[in-house]
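Observations on the three-dimensional arrangement
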Amino acid sequence: MNRNRELFDENWLSTVFINLSVEETLKLDPSLLETIPAAAFARLTHRFETEERRKLLRSISEEKAVEVLAEMDAQFSAETLSAMREERAIRLLGDFDPDDAVDIIEELDESDRSRLVSGLEPEKAEEIRTLLAYDSKTAGGLMTTQVARVSKDEFADKAIQHLRRRREEFETIYYLYVVDDRDSLIGVVSMRELLLSSQQTHVSEIMQTQLFGVCRPDDDRELVARRLSEHNLLAVPVVEPETQRLLGIVTHDDVIDAVHEAATEDLQILVGAGGDEKIHDPLSQSVRKRIPWLLVNLITACAAAAIIYIFQEQIQQLTILAVFMPIVASLAGNTGSQTLAVSIRSIAMDEIRPGEILAICVRETLKGLMNGALVGIASAVLGLITTQDIRIAGVLFAAMVLSMSLSGFAGAFVPLTLRKINLDPAQSASIFLTAITDVAGFFIFLQLGAWALL
């Protein structure tokens, strides 16, 4: 391996650097480590223990360490900061952008949080405490308070000079937000408009007073993402509802991170895993998060087993029923899962209104009915070829139609009901749906089989 390599390509990063041990990494030229992209460096550290991550970050500059910590999982960053000397941890924390610092501080123990925040400069500490007051899944929790503000009465050249003097204070400058004497948001001007305007142009002449995407601090992160996407913005302002006072902005990169995190959480919650669970979490922690829903799953599985127990005599007389049972249950389950996925996405995109719930359930039931008829015909043909018994073919057809219709209904009804009672629509919906489709599928098929064949 070329240890003096100065440029990294993706293959080298993914196949060589990412597989190095701590000892091998520490042997690399320090100047080489400085050139490694922070995101790749962060991915490397996720494989290591806290003490190893601390040693690794000591081998690079503090500026680079801040970049890497910002790219790491917030939990790992918090553990690493806690393991550092207090003086160094406070120094690094002080170099973070406020919103990135808050993400990490939220993962600290209460004692470490208080100790490290108190050690920061008073202004920075107050800024972080303000952001910590907001839920991390809201606009207030995502925003940065480092906002480029300008008065409407300023000349364009003066506004540009003002930005140059304070450029180190701002995380990003996509737009300049125009505020009045009370710091209330009254307009916005893009950097492009500002730079292309003549020097003596007043900001009021080029500012946009029709504001799009304005958020309140308690708006959900998914709503923030929709507004940023709908209006094709690079950042959205966050204002106090009553006074319209500008509190901060949420930038597109933070929204992307939030949407990715939300999607991951929903996927894990959907199957009963912890929303914030990571593959490298301690064994006890993962078990604690998963076991409650596994026990719920045990109960629902027992309900499906109870149906089979009730019909055990019929199954003993006609073992062919046992052969086709998994087919009916599997198709019903898949139908419900398809509907569930579409329903949860529509809920997340805010495409469903309260008055549409009944119509949606009916529509999904009809979809299940139509698909059930088509699949039922194929199943009936299969059953007839296999058993040479028209009655079994008829039972398969009827069972497919009924069970898939019910599954389509359940796939919409379960998440919509969870939302109706103010629960997360993705909250283990698949577990409840599987219980409904298994129990109903087994019962419908076995009951029809008993009526037709016995």
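What comes next concerns the included structure. (Residues numbered from 1 in each chain as written. Predicted model: local features only at pLDDT ≥ 70, side-chain atom pairs only at ≥ 80, totals over all residues. Heavy atoms only, no water.)

1. Here we look at the nonpolar core
- Among the nonpolar cores identified, the biggest contains 64 residues, and Val-68, Leu-69, Leu-81, Leu-93, Tyr-177 and Val-250 are the most heavily contacted of them.
- When residues in this core are grouped by element, the largest group, 5 residues, is from helix α4 (residues 38-45).
- Counting residues in hydrophobic clusters, the runner-up holds 21 residues, among them Ala-329, Leu-396, Met-400 and Phe-442. (Core = buried A, V, L, I, M, F, W, Y, C linked by side-chain atoms within 4.5 Å. Buried < 20%, exposed > 50% of the residue type's maximum accessible area, 1.4 Å probe, protein only. Helix = DSSP H or I, 4+ residues; strand = E, 2+ residues; numbered from the N terminus.)

2. Brief notes about the side chain of Glu-127
- Tracing the backbone through its elements, the reader meets Glu-127 in helix α11 (residues 122-132).
- For the buried Glu-127, which has no salt bridge, the nearest side chain bearing the opposite charge is Lys-124, at an N-O separation of 5.8 Å.
- The residues contacting Glu-127, other than those within four sequence positions of it, are Pro-98, Thr-145 and Gln-146. (Lys, Arg positive; Asp, Glu negative; His and termini not counted. Salt bridge = Lys/Arg side-chain N within 4 Å of Asp/Glu carboxyl O. Contact = heavy atoms within 4.5 Å.)

3. Topic: the packing of aromatic side chains
- One pass over the structure, following the stated rule, counts 3 aromatic pairs.
- Residues Phe-311 and Phe-443 carry aromatic rings whose centres are separated by 5.9 Å and whose planes lie at 70° to one another, so their mutual orientation is edge-to-face. Here Phe-311 is found in the loop between α18 (283-310) and α19 (312-317), whereas its partner Phe-443 is found in helix α23 (residues 429-453), with 132 residues between them in sequence.
- Between the aromatic rings of Phe-409 and Phe-413, the centroid separation amounts to 5.2 Å while the plane-to-plane angle is 15°, which identifies the pairing as stacked. A residue pair is termed a helical-turn pair when its members lie 3 or 4 positions apart in one helix, as Phe-409 and Phe-413 do in helix α22 (residues 390-420) at 4 residues. (Phe/Tyr/Trp six-rings, centres within 6.5 Å; stacked < 30°, edge-to-face > 60°.)

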